[in-house]
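# An overview of the molecular structure
Okay, here's what each chain looks like letter by letter:
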Amino acid sequence: KVNGYSLSISLDSKYSKKVAELDSHLISVIYENRASLGLGNKIPFDAISGYDEFGTDGKYKRVLMYPYRKENGVKVYELDRYLPRLDMKILSTVNTSPHKLNVDAFNESREKLPDLNECNYNETIPSRSVVNAVFSLSRISIGSYGVVLKPGVVRQLLVKKESILPTDATLLVDNNDDDSDLDMQE
């Protein structure tokens, strides 16, 4: 049963820093307005922001997600192996067949790709693609769990598929070879 579609983008340090700044700003605003948001006037800053730099056990669920694995019930963060990520929703029509994804996608030549649906999105946006996304942030939601900035909704995608070099021919030349003859050597 499909409930919807999402896009998860790994962010390099430049972009993850910007999203972390957004999280820090929202944490400050939430702390300043904690009473009017229903969190109580006496809640400490750490209870909202979390008890470490990753936001563990905080009342604010961060937009920037850090990679971790569970080891004996404890989160072990793996920043040396994986990049932080940003999760977004892709609006879709799941009551039709095939499910239609409501997002405009373009290739690296800026040509519009065919409408995305459940049958063609894996070929159109394969794993390991480089993707630029235009997305909108919807709203802040408050509940018994705390405060969360709802995931962004993807509006447009620019997709650059991963380049895979052929493995049946060498693309290298010997330094002694004439550079003008760059034919593939088999």
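Residues numbered from 1 in each chain as written. Predicted model: local features only at pLDDT ≥ 70, side-chain atom pairs only at ≥ 80, totals over all residues. Heavy atoms only, no water.

## Let's talk about the environment of L11
- With respect to the helices and strands, L11 occurs in the loop between strand 1 (5–10) and helix 1 (13–32).
- Between the alpha carbons of L11 and L64 there is a distance of 9.1 Å; along the sequence they are 53 residues apart. (Helix = DSSP H or I, 4+ residues; strand = E, 2+ residues; numbered from the N terminus.)

## Points about the pattern of salt bridges
- Enumeration over the complete set of coordinates arrives at six salt bridges.
- A salt bridge links E71 to R69; the nearest nitrogen and oxygen atoms lie 2.4 Å apart.
- The class of E71 is partly exposed, set by a relative accessible area of 42%.
- A salt bridge links D104 to K112; the shortest N-O distance between them is 3.3 Å.
- Using a relative accessible area of 46% as the deciding quantity, one classes K112 as partly exposed.
- Here the salt bridges share partners, and the residues they tie into one network are R69, E71, E78 and R81. (Salt bridge = Lys/Arg side-chain N within 4 Å of Asp/Glu carboxyl O. Buried < 20%, exposed > 50% of the residue type's maximum accessible area, 1.4 Å probe, protein only.)

## So, the sheet that holds strand 12 (residues 146–149)
- Spatial strand order, 2-12-11: three strands in an open sheet with mixed pairing. Sheet topology places strand 2 (60–61) and strand 11 (140–143) at the edges, where each strand pairs with a single neighbour.
- Sheet topology places strand 2 next to strand 12; two bridges connect them, and they run parallel. What sits directly across from K61, in strand 12, is V148. (Pairing = 2+ DSSP bridges.)

## Overview of the nonpolar core
- In terms of nonpolar packing, the biggest core is built from 33 residues, with L7, I48, Y60, I90, V103, V154 and L157 touching the most fellow members.
- Going through the elements one at a time, strand 1, helix 1, helix 2 (45–49), strand 6 (85–90), strand 12 and strand 13 (152–160) are the ones with two or more residues in this core.
- The dominant element in this core, judged by the number of residues it contributes, is helix 1, at four residues.
- Setting aside anything within four residues of it in sequence, one finds L7 in contact with L86, D87, M88, I90, V131, A133, V154 and L157. (Core = buried A, V, L, I, M, F, W, Y, C linked by side-chain atoms within 4.5 Å. Contact = heavy atoms within 4.5 Å.)

## Structural notes on helix 1
- End to end, helix 1 covers 28 Å across 20 residues, agreeing with the expected 28 Å (1.5 Å per residue, within 8%).
- On the buried face of helix 1, the contacting elements are helix 2, strand 2, strand 3 (64–65), strand 6, strand 11 and strand 12. (Expected span 1.5 Å × (residues − 1).)

## Considering the pairing of strand 13
- Taken together, the two bridges between strand 6 and strand 13 define a ladder with parallel strand orientation. Within strand 13, the residue paired with M88 across the bridge is G152.
- When strand 9 (residues 104–107) meets strand 13, the two strands line up parallel, connected through four bridges. By the bridge assignment for strand 13, A105 is matched with L157.
- Note that strand 10 (residues 130–136) and strand 13 share seven bridges and pair antiparallel. Considered in strand 13, the bridge of V131 is made with V159.

## So, unusual backbone geometry
- Cis peptide bonds are those with omega within 30 degrees of zero, and the linkage from S97 to P98 qualifies with -5 degrees.
- Considering the arrangement of structural elements, one finds P98 in the loop between strand 7 (92–93) and strand 8 (100–101).
- Unusually for a residue other than glycine, R110 sits at a positive phi of about 70 degrees.
- Among the structural elements, R110 can be located in the loop between strand 9 and helix 3 (121–124).
- When its relative accessible area of 59% is taken as the criterion, R110 is described as exposed.
- The phi dihedral of R128 falls on the positive side, at around 75 degrees, and the residue is not glycine.

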